[in-house]
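# Notes for the structure review
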Amino acid sequence: MLFEVLKDALFAAMAAIGFGSISRIPRRAYLWCGLIAAIGHSTRFILMNKDLLDMHIIIATFTASFVIGVLAVFASPLAKTPAEAYLFPSLLPMIPGMYAYRSFGGLVMCLLGSSQEKFNFYFYQFAENGLICVAIIFAMVIAATLPIFMFKGKAFTATR
Amino acid sequence: MISMTQTSIERIELHEPNPYLKSTSRLSSKEVCLFLAEYSVTLLGCGATCIRLEKNINRMAKAFGKKVELTIMPRHIHMTVWDEEDDDRFTSISSVKSAPISFSLNTRLSQLSWQVKDEGLSLHTARARYDAIASSDSEKPWLTLLLASLANASFCGIFGGDPVAMAIVFIATAAGFNLKQMLVRRHVDTRVVFFICAFVSSVIGATDYLFPTSTTPAIAVGTSVLYLVPGIPFLNSFSDLLYHHYICSFSRFTDATVLTACLSGGLCLGMKLMKVGMF
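Residues numbered from 1 in each chain as written. Chains lettered and ligands numbered in written order. Predicted model: local features only at pLDDT ≥ 70, side-chain atom pairs only at ≥ 80, totals over all residues. Heavy atoms only, no water.

Another aspect to go through is the overall build of chain B. Each helix and strand counted, chain B has eleven helices and three strands in total. Mapped in sequence order, the helices and strands of chain B form the string α-α-α-β-β-β-α-α-α-α-α-α-α-α. Within the span of chain B, comprising 279 residues, buried residues form 51% of the whole. Considering only contacts in chain B between residues 6 or more positions apart, those separated by 24 or more positions represent 66%. (Helix = DSSP H or I, 4+ residues; strand = E, 2+ residues; numbered from the N terminus. Buried < 20%, exposed > 50% of the residue type's maximum accessible area, 1.4 Å probe, protein only. Contact = heavy atoms within 4.5 Å.)

Written out as structure tokens, the structure is:
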């Protein structure tokens, strides 16, 4: 279990640093970015693990994103970088890529489907995955942005 | 007599700028407005949120002894700077600079706004520092390429991809991202860039089906295009929504949705070409 959590944290950290470099975060923020992503993603991993808390993916993502948001606000003065710089790279490993993929696939198959039975099946697949995907994205964005709104004083003086 | 005094102070300030000397001369609204307008279009263009732009601009205007009102539109910024003690006021409308997202530039411009307030920088010094910041925002393309490829391969690992799938995703991302860098340098339309890069990455990602040892080819295809997800516009869109900047919020959301549609189109075409089923 510990190995799985650490593996998840390592992959999340590597993904965050890579995506941080795409959005040109300052070099001094790389370490913080990786650390925040590792903590955030392993939090979600633990919350969703069937042997532990077995939480639903939407609630687990909301909680983990909130943790990322709070950490980003409090880490931002340490690297003198706006909190937003940490958010996207740290949240990206939680993007529901497979749900989006299945939803899009369902839509295409739905349009190409020849029978009503197939249409119903793929429409269900499109709607179910699409709804979960949208809900996860909203949960992520709301939970991660709220701490910046809540701790305005800290968030907007980070670069001082 | 008063005007002569002002002129001499301005002359001293122009020729011998002292960054730690608080400017005592009355600046004209026009020169302050022109500087703030240029600063704001650069800051918004590099991916800052509307609330950060408002705070930075108000902070600097106050430090220069001026009042400012600004209307932030998706492609333009409308700004009026005035002096409370006389009728001197100036309005400008500037086009937002289209530039790649850069939190490094965002950070340094935000730091500049605090320096103007805390160190009492003169307008001359602030502009000199702004010019230095705006002209020095560069990246090492090979380093970004390497880190982005590693990041996407890690993504594949997070989603349960096996080592073969991760290696394929690394190559698919490296090829797609390199192509993206080349097309962006040639000023190709962003939507076309997203479509082409998603197509190339998904075709390479789909080659994972050719390896009999690979057990997760669908994950390789699905994650090979994730480096293109326009996450920052989505996040900024929600931030703008929270602070009632609905027009900018809607614009950013629409931009991100259009890019996602282009990405999906490229992915779909790649999968069709490689005869890869959706499930």
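Let us look at the side chain of Asp162(B). As for its placement among the helices and strands, Asp162(B) is situated in the loop between helix H6 (141-158) and helix H7 (163-185). For the buried Asp162(B), no salt bridge is present, and the opposite-charge side chain at shortest range is Lys7(A), 11 Å distant. Of note is the side chain of Asp162(B), whose polar atom sits 2.8 Å from the backbone nitrogen of Ala165(B). (Lys, Arg positive; Asp, Glu negative; His and termini not counted. Salt bridge = Lys/Arg side-chain N within 4 Å of Asp/Glu carboxyl O. Polar contact = N/O pair within 3.5 Å; in protein donor to acceptor, adjacent residues only side chain to side chain.)

With that out of the way, let us pick up the confidence of the model for chain B. When pLDDT is low, close inspection of the predicted coordinates is not appropriate. All names here are of chain B. Mean pLDDT over chain B: 85, with 90% of residues reaching 70 or higher. Highest mean pLDDT in chain B belongs to helix H8 (residues 190-206) (94); lowest belongs to helix H1 (residues 2-15) (39). Scored below 50 in pLDDT, residues 1-24 shows 27 contacts in the model against residues more than four places distant or in partner chains. (pLDDT = per-residue confidence, 0-100.)

To continue, consider a nonpolar patch on the surface. Together, Met1(A), Ile46(A), Leu52(A) and Leu53(A) give the surface a local cluster of nonpolar side chains, amounting to about 370 Å² of exposed area. By the element assignment, Leu52(A) lies in the loop between helix H2 (30-48) and helix H3 (57-79). (Patch = residues over 30% accessible without salt bridge, like charges linked within 9 Å, V, L, I, M, F, W, Y side chains within 5 Å. Areas by Shrake-Rupley, 256 points an atom, 1.4 Å probe, with all protein chains shown as cover.)

For the rest of this paragraph, the subject is the interface of chain B and chain A. At the junction of the two partners, chain B supplies 56 residues and chain A supplies 52 residues. Each partner contributes to the roughly 4,700 Å² buried at the junction of chain B and chain A, and carbon and sulfur atoms together form 73% of this total. Between the two partners, chain B and chain A, sit one salt bridge. For the pair chain B and chain A, the interface holds four residue pairs in polar contact (both at pLDDT 80 or more). Broken down by secondary-structure element, the contributors of at least two residues to the side of chain B that touches chain A are helix H3 (50-63), helix H4 (103-118), H6, H7, helix H9 (217-223), helix H10 (231-242) and helix H11 (246-273) of chain B. (Buried area = accessible area lost by both parts, 1.4 Å probe.)

Next up on the list: the pairing of strand E3 (residues 89-95) of chain B. All names here are of chain B. Two strands pair when backbone bridges link them, and strand E2 (residues 76-82) and E3 are joined in this way by seven bridges, in the antiparallel orientation. Counted as the bridge partner of Met-79 is Ser-92 from E3. Counting the residues that bridge the hairpin from E2 to E3 gives six residues. (Pairing = 2+ DSSP bridges.)

Once that is clear, we can look at empty space enclosed by the protein. Taken as a whole and assessed by the stated rule, the structure comprises two cavities of 30 Å³ or more. A volume near 100 Å³ is recorded for the largest cavity. Those elements that provide at least two residues to the lining of the largest cavity are helix H4 (84-91) and helix H6 (116-150) of chain A together with H10 of chain B. At five residues, H10(B) tops the list of elements feeding residues into the lining of the largest cavity. Residue composition of the lining of the largest cavity, grouped by class: nine nonpolar, four polar and one charged. (1 Å grid on protein atoms, 1.4 Å probe; cavity = no way out; pocket = protein on both sides within 12 Å on 5 of 7 lines; lining within 4 Å. Points joined across faces, edges and corners; volume = space filled by probe spheres on them. Nonpolar A, V, L, I, M, F, W, Y, C, P; charged D, E, K, R; others polar.)

In any sheet, the strands associate via hydrogen bonds between backbone groups, in a parallel or an antiparallel arrangement. All names here are of chain B. Judged by pairing direction, the sheet is antiparallel, and its three strands sit side by side in the order E1-E2-E3 without closing on themselves. Looking along the sheet, the strands with just one partner apiece sit at the ends: strand E1 (67-72) and E3. Recorded for the sheet is a direction-independent mean angle of 15° between the axes of neighbouring strands. Its contacts with the sheet place helix H2 (residues 29-45) against E1, E2 and E3, and it is angled at close to 150° to E2. (Axes fitted to C-alpha atoms, helices over the stretch in contact; angles between N-to-C directions.)

What follows concerns the pattern of salt bridges. This model, assessed by the stated rule, comprises eight salt bridges over all chains. Between Arg52(B) and Glu84(A) there is a salt bridge, and its shortest N-O distance comes to 3.0 Å. On the criterion of chain membership, the pair formed by Arg52(B) in helix H3 and Glu84(A) in helix H4 is interchain, its members lying in two chains. Close ionic contact of Glu84(B) with Lys67(B) constitutes a salt bridge, the shortest N to O distance being 4.0 Å.

What follows covers the layout of surface pockets. Space inside the second largest pocket adds up to approximately 1,000 Å³. In terms of lining, the second largest pocket is formed by 37 residues, of which the most central are Ala100(A), Cys133(A), Ile137(A), Phe234(B) and Thr260(B). At the level of elements, H4, helix H5 (97-112) and H6 of chain A together with H10 and H11 of chain B are the ones that each hand at least two residues to the lining of the second largest pocket. Residue composition of the lining of the second largest pocket, by class: 27 nonpolar, ten polar and no charged.

What follows concerns the domain arrangement of chain B. Residue and element names in this part refer to chain B. Domain assignment breaks chain B into domain 1 (16-135) and domain 2 (141-273). Once you take the C-alpha centre of each, domain 1 and domain 2 turn out to be 35 Å apart. Listed as interface residues are twelve residues of domain 1 and, on the opposing side, eleven residues of domain 2. Both sides together, the interface formed by domain 1 and domain 2 hides about 940 Å², and carbon and sulfur atoms give 72% of it. When the buried surface of domain 1 facing domain 2 is broken down by residue, Cys-50, Ile-51 and Pro-74 rank first, second and third, together holding 43% of it. Along the contact surface separating domain 1 from domain 2 lie zero salt bridges. Where domain 1 packs against domain 2, one counts four residue pairs in polar contact (both at pLDDT 80 or more). Take the side of domain 1 that touches domain 2: its biggest share by element is three residues, from H3. Tallied by class, residues from the side of domain 1 that touches domain 2 come to nine nonpolar, two polar and one charged. (Domains from an automatic or database assignment.)

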